[in-house]
Amino acid sequence: MKICICGGGNLGHVVAGFVAAQKQHDISVLTRHPERWSKDLTIEAPRGTTFSGHLDGIFSEGKNAVEDADIVLLCLPGYAIPQTLQEIRDFLKPGAAVGSVVSSTGFFFEAIDLLPSAQPLFGFQRVPFIARTIEYGNSARLMGYKDSLNMAVEHCEDPESLRNTLAEIFKTPINLLTSHYEASISNSNPLMHTSRLYSLWKDWHEGKVYAQVPLFYDDWTEEAALLYIQMDNELQALLELLPVRKGSIPSVLNYYESNDASSLARKLRSIEAFKGIMAPMKKTEGGFVPDISSRYFTEDFPYGLALIYRLAHKNNVDTPVIDMIYNWGMNIIKTIR
């Protein structure tokens, strides 16, 4: 098959390299910086495993990247999705499946609005891998696998065939969800990241400088865990009013096999794939300040959490903790801009 990966970020690197290393498909990449990419990618994986994959094409224009593609997979932040869909829509083959590596970016809502009504769509509930770029365009690190993936499909005549194809590509079992809402609404990054950011910097203001950069997960606190649980409780109340199956988005405590804030904090601190990830900060005179340009801010507040916030207000669900953290984050983003 011909597969196009759209996006040159952490996940774009790892997904392209991982799939190319299987040597079963033609892999191309759509990126704003094709001149910085090598056609040979090296992916470091857990337990000392290394994958080497060869790319068949590296493009900066949507037409050249997708015109022959059977599968187009977006590995993009939320703000880049509408623009990319508009760029590629006139060049997609009929029947080519267009998907997103994670759906809490608003992918399904944008794709249903922008693409032809017959274009098959798919999107994962959570990212298949935890990924970090080592050398841009050349190497990346696959930091953690999932035991299984959940995926929603729309406008597809044969969802089982698409599921089997993607399960083979990602070498991971895939469960089909019954609604794109089940993939689009997430209590992963949109709640996890934002609760932690709020607990770290709720008192931050222009001019305040911190002496050091904390580890994002290794230093996870009970305060952040409690906020995460409270936000998830509000989300679970919203889910009762949406077209999702009960349990399709398990509670945070169930997902992480925890009982309370203390055990959840311990669990998050113990996850091997999370080890060593620093909080998003940048150096300034006298120390460090939050990096508002980080995707922890630019992705998780105005896209992932914003979707939950809007749906809650539309359905008259009381969400005081979500509202507090969402408004805090959006005010910081607006202030910096």
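Everything below is about the structure shown above.
Note that this is a predicted model, so its numbers are computed, not measured.

Quick look at the side chain of R126
And step 1. As for its placement among the helices and strands, R126 is situated in the loop between β8 (121–124) and β9 (129–135).
And step 2. Although buried, R126 forms no salt bridge, and the nearest oppositely charged side chain, D232, lies 7.6 Å from it.
And step 3. In terms of polar contacts, R126 uses its side chain to reach the side chain of N187, at 3.2 Å.
And step 4. Within polar-contact distance, the side chain of R126 engages the side chain of S188 at 3.2 Å.
And step 5. Setting aside chain neighbours within four positions, we find R126 in contact with V101, V102, K146, L149, N187, S188, Y255 and Y256.

Some points on the environment of L74
And step 1. One can find L74 in strand β6 (residues 71–74).
And step 2. A relative accessible area of 0% places L74 in the buried class.
And step 3. Each C-alpha atom of the pair L74 and G8 lies 9.9 Å from the other, and the pair is 66 residues apart in sequence.
And step 4. Apart from the residues lying within four places of it in its own chain, the contact partners of L74 are C6, I81, L85, V98, G99, S100, V101 and F107.

Details of the pairing of strand β3 (residues 40–44)
And step 1. Only one face of β3 is buried: it carries L41 and I43, and the other face, with D40, T42 and E44, is open.
And step 2. Examined bridge by bridge, β3 and strand β4 (residues 50–54) share five bridges and lie antiparallel to one another. Each bridged residue has a counterpart across the sheet, and for E44 the counterpart in β4 is T50.
And step 3. Linking two consecutive strands that pair antiparallel, namely β3 and β4, is a turn of five residues; a positive phi of about 60° is found at R47 within it.
And step 4. In terms of strand pairing, β3 meets strand β10 (residues 139–145) through three bridges, oriented parallel. Each residue of the ladder has a partner; that of I43, found in β10, is A140.

What about the packing of helix α7 (residues 189–201) against helix α12 (residues 300–314)?
And step 1. Between α7 and α12, the least distance of the axes is 9 Å, while the angle of their chain directions is 120°. α12 is crossed by α7, and the crossing has left-handed handedness. Residues N189, P190, L191, H193, T194 and L197 of α7 pack against D300, F301, G304, L305 and I308 of α12.
And step 2. A class-by-class count of the residues in the contact of α7 with α12 yields six nonpolar, four polar and one charged.

Regarding the sheet that holds β9
And step 1. Pairing is mixed across the open sheet formed by four strands, whose spatial order is β4-β3-β10-β9. The open sheet has two edge strands with one neighbour each: β4 and β9. Strand-to-strand, the axes of this sheet are offset by a mean angle of 25°, without reference to chain direction.
And step 2. Across the face of the sheet, helix α1 (residues 10–20) comes into contact with β3, β4, β9 and β10 while running at roughly 95° to β9.

Basis of the calculations
- Residues numbered from 1 in each chain as written.
- Predicted model: local features only at pLDDT ≥ 70, side-chain atom pairs only at ≥ 80, totals over all residues.
- Heavy atoms only, no water.
- Helix = DSSP H or I, 4+ residues; strand = E, 2+ residues; numbered from the N terminus.
- Buried < 20%, exposed > 50% of the residue type's maximum accessible area, 1.4 Å probe, protein only.
- Lys, Arg positive; Asp, Glu negative; His and termini not counted.
- Salt bridge = Lys/Arg side-chain N within 4 Å of Asp/Glu carboxyl O.
- Polar contact = N/O pair within 3.5 Å; in protein donor to acceptor, adjacent residues only side chain to side chain.
- Contact = heavy atoms within 4.5 Å.
- Pairing = 2+ DSSP bridges.
- Axes fitted to C-alpha atoms, helices over the stretch in contact; angles between N-to-C directions.
- Left-handed = near helix turned anticlockwise from the far one by under 90°.
- Nonpolar A, V, L, I, M, F, W, Y, C, P; charged D, E, K, R; others polar.

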